[in-house]
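# Fold and contact review
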Amino acid sequence: MNKELFAEVIAKYGLTPTKRMSMQKGYRNESYPFVDSTGLAKNLILYKDEPDVLKLIKLANRSANFVAKQGLPARTNADGRILSIKTSTGVRYAALYDYLPGQTIAWEAYTRDHIKLLGMTLAKVHAGLALLDASDFPAVESRLRANLQVIADYFADKGVQSALATKLAIKVAPDQLKACLKTLDQIKALQFSQVLHMDFVRGNVLFNSQPAGANQLTVGKVNLTGILDFEKTARGNPIYDLARSLAFLMVDCKYKTEAKVYKYFIVSGYLKRGGGRLNQQQISLIDATVNLFLLYDFYKFLLYNPYQSLPDNEHFVRTKNCLLARKVITAL
C-alpha cells in the first residue's frame, strides 16, 4: 500500500497517524502498524483480493473477538467497519485492529517452555471457540480432501515422478495418499466438530520475556502476548488444529526430537497445563494427521521452487527428513 492509499484509508477511520512502523506480510494480508494521535498503537490490515475473502474476514473477526472476550490475547477490532477499497486491479478490503505487544521468534529459538505454552494456549483457544456457533464456518475436512486430490494429481504426473527420482532421489510411497484419506474418514467418524484456528504456527504467535500483563499467558519466564490471523479459521475436530501446529513444530524445532515436541506440546501443554480434552481415539489419530500436513507442505515446496534449489532450503530438508522417517516418502 502506498502512502497516499494508507492516508486515504486511515482518514476513513477518522484517525491521524503520528508514526508508521514496518509493514508485515501474512498469509492473505498485509499489516501496517502505526501510532495514532492519542498515542495508541493500531494495525491497519489490507487483505488480498481472493474469492470469499470478505466472508473469511468476518469469520476471523468473529472468532478472535469471541476468544478475546474470554480473556485470551487475540488481536481484536479497533473499529467494527470493514472498508472496501478500489484499486487498479480490483477491490480489496481493509480492517483496523488493536496492536498487540511482543514479537514472533526465530525457529531455532523455541525452548521447551515455548512449546508447552503453545500447547496450553491452543487448549484455551479450543475451549473458547467450542462455545461459538460453527454452522457458518467452512469445513476443514473439505479443504483437506481437496488438497489431497491436488497432491494426488501432482504426484501421478510422470514428469514429476521422473524429476523427483533424478533430482532429489525420492518417491512418494504409493499407499500414503490412501492412508491420508483413511485418516480423514476415521476423524469424520468421531462426529465431533467445533470452530478451530487452523493456523496456530510460529508466524501468528507473539512472545515476550517481560513481566506478564493483562490477558497474557505464561510458562516459566516466557509470556505469550498475542494470537494473530484467524483467517484460516474453520470447523472440524481439534485433531486438525493440533496436527497442523505439530507439523510446523516438528520441522521448526530442529534441536528436539519429534517425541519431545509431542510431549511438550500435547502432554505438558495442551492436556496438563491447558486442560484440553482428548479421548484415546483422537490421540491415536494425531500422528497420522501430522503426515497429511507434512505431505502438503512438502508438495508446496516442490510446486513453488526449482527442484535443484531445494537441498539448500533447510525447512524443505527437515520436512523431507520427517517424511522419510515416517515412511511417507522413500529414498531411491
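Our structure's up above, just so we're on the same page.
Residues numbered from 1 in each chain as written. Predicted model: local features only at pLDDT ≥ 70, side-chain atom pairs only at ≥ 80, totals over all residues. Heavy atoms only, no water.

## Some remarks on the overall build of the protein chain
Across its full length, the protein chain holds ten helices and 13 strands. Relative to a compact globule of 332 residues, whose C-alpha radius of gyration would be 20 Å, the protein chain shows 21 Å and is just as compact. Across its three principal axes, the protein chain shows a C-alpha extent of roughly 60 × 50 × 40 Å. Burial statistics for the protein chain: of 332 residues in total, 51% are counted as buried. Taking the contacts inside the protein chain whose residues are at least 6 apart along the sequence as the reference set, 72% of them involve residues at least 24 apart. Within the structure as shown, the protein chain displays about 15,500 Å² of accessible surface, and the carbon and sulfur contribution to it stands at 52%. (Helix = DSSP H or I, 4+ residues; strand = E, 2+ residues; numbered from the N terminus. Rg over C-alpha atoms; globule rule 2.2 N^0.38 Å. Buried < 20%, exposed > 50% of the residue type's maximum accessible area, 1.4 Å probe, protein only. Contact = heavy atoms within 4.5 Å. Areas by Shrake-Rupley, 256 points an atom, 1.4 Å probe, with all protein chains shown as cover.)

## Some remarks on the pattern of salt bridges
When charged atoms on two side chains of opposite charge get close, those side chains can pair. According to the stated counting rule, one finds 13 salt bridges in the structure shown. The partner of Glu141 in a salt bridge is Arg145, and the shortest N-O contact between them spans 2.7 Å. Here Glu141 and its partner Arg145 are both found in helix H4 (residues 140-156), four residues apart, which amounts to about one turn of the helix. Overall, Arg145 belongs to the partly exposed group, its relative accessible area being 27%. Among the ionic contacts, a cluster of salt bridges with common partners joins Glu141, Arg145 and Asp185. (Salt bridge = Lys/Arg side-chain N within 4 Å of Asp/Glu carboxyl O.)

## Quick notes on the pairing of strand E9 (residues 205-208)
The alternating pattern of E9 places Val205 and Phe207 and Leu206 and Asn208 on opposite faces, both of which are buried. Bridge count between E9 and strand E11 (residues 222-227): four bridges; the pairing is antiparallel. Directly across from Val205, in E11, lies its bridge partner Ile227. (Pairing = 2+ DSSP bridges.)

## Remarks on the side chain of Ser268
With respect to the helices, strands and loops of the structure, Ser268 is situated in helix H8 (residues 258-273). Setting aside its immediate chain neighbours within four residues, Ser268 contacts Lys116, Lys263 and Arg273.

## Quick notes on the sheet that holds E11
Here we have three strands laid out as an open sheet, ordered E9-E11-E10, and antiparallel in their pairing. Pairing within the sheet leaves two strands with one partner each, and these edge strands are E9 and strand E10 (217-219). Strand-to-strand twist in this sheet, taken as the mean axis angle between neighbours without regard to direction, amounts to 30°. Of the strand pairs in this sheet, E10 and E11 are connected by three bridges, and their pairing is antiparallel. Paired with Val219 across the bridge in E11 is Val222. Helix H3 (residues 112-129) contacts E9, E10 and E11 of the sheet and is inclined by roughly 145° relative to E10. (Axes fitted to C-alpha atoms, helices over the stretch in contact; angles between N-to-C directions.)

## Describing the side chain of Asn43
Turning to its location among the elements, Asn43 is positioned in strand E4 (residues 41-47). Side-chain polar atoms of Asn43 contact the side chain of Ser31, separated by 2.9 Å. Sequence-distant contacts of Asn43, that is, excluding residues within four places in its chain, are made with Ser31, Tyr32, Pro33, Phe34, Arg75, Ala95, Leu96, Tyr97, Asp98 and Tyr99. (Polar contact = N/O pair within 3.5 Å; in protein donor to acceptor, adjacent residues only side chain to side chain.)

## Re the nonpolar core
A general trend in soluble globular proteins is that nonpolar side chains are found buried together. Membership of the largest hydrophobic core comes to 83 residues, with the highest contact counts inside it found for Leu118, Phe155, Phe207, Phe265, Phe298, Leu302 and Tyr307. Of all the elements, helix H9 (residues 280-304) adds the most residues to this core, at eleven residues. Apart from residues lying up to four places away in sequence, Phe155 is in contact with Val160, Gln161, Leu164, Val172, Leu295, Phe298, Tyr299 and Leu302. In this structure, Val9, Tyr32, Tyr47 and Ile85 belong to the second largest nonpolar core, which totals 20 residues. (Core = buried A, V, L, I, M, F, W, Y, C linked by side-chain atoms within 4.5 Å.)

## Thoughts on the packing of aromatic side chains
Summed over all chains, the structure comprises nine aromatic pairs. Between Tyr154 and Phe155, the ring centres sit 5.3 Å apart and the planes meet at 80°, which makes this aromatic pair edge-to-face. Residues Phe155 and Phe298 carry aromatic rings whose centres are separated by 6.4 Å and whose planes lie at 20° to one another, so their mutual orientation is stacked. Taken as a pair, Phe155 in helix H4 and Phe298 in helix H9 lie far apart in primary sequence, 143 residues in all. In this structure Phe298 comes out as buried when scored by relative accessible area, which is 0%. (Phe/Tyr/Trp six-rings, centres within 6.5 Å; stacked < 30°, edge-to-face > 60°.)

## A look at a positive patch on the surface
A cluster of basic residues, Arg112, Lys260, Lys263, Lys272 and Arg273, forms a positive patch on the protein surface. Here the positive patch gets four residues from one element, more than from any other, and that element is H8. Here Arg273 is to be found in helix H8. (Patch = residues over 30% accessible without salt bridge, like charges linked within 9 Å, V, L, I, M, F, W, Y side chains within 5 Å. Lys, Arg positive; Asp, Glu negative; His and termini not counted. Charge placed at Lys NZ, Arg CZ, Asp CG, Glu CD.)

## Here we look at the pairing of E11
Within E11, six of the six residues are buried, leaving the element largely enclosed by the surrounding structure. Here E10 folds back onto E11 in antiparallel fashion, the turn holding two residues, of which Gly220 has a positive phi close to 60°.

## Considerations on helix H6 (residues 176-189)
In this model, H6 (14 residues) spans 20 Å end to end at C-alpha, consistent with the 20 Å of a helix rising 1.5 Å per residue. Listed in full, the buried residues belonging to H6 are Gln176, Leu177, Cys180, Thr183, Leu184 and Ile187. The buried residues of H6 all sit within an arc of 110° when viewed along its axis, so they share a single face. When the buried face of H6 is taken as reference, the exposed residues oriented beyond 90 degrees from it are Lys178, Lys182 and Ala189. (Expected span 1.5 Å × (residues − 1). Arc of directions from axis to C-beta.)

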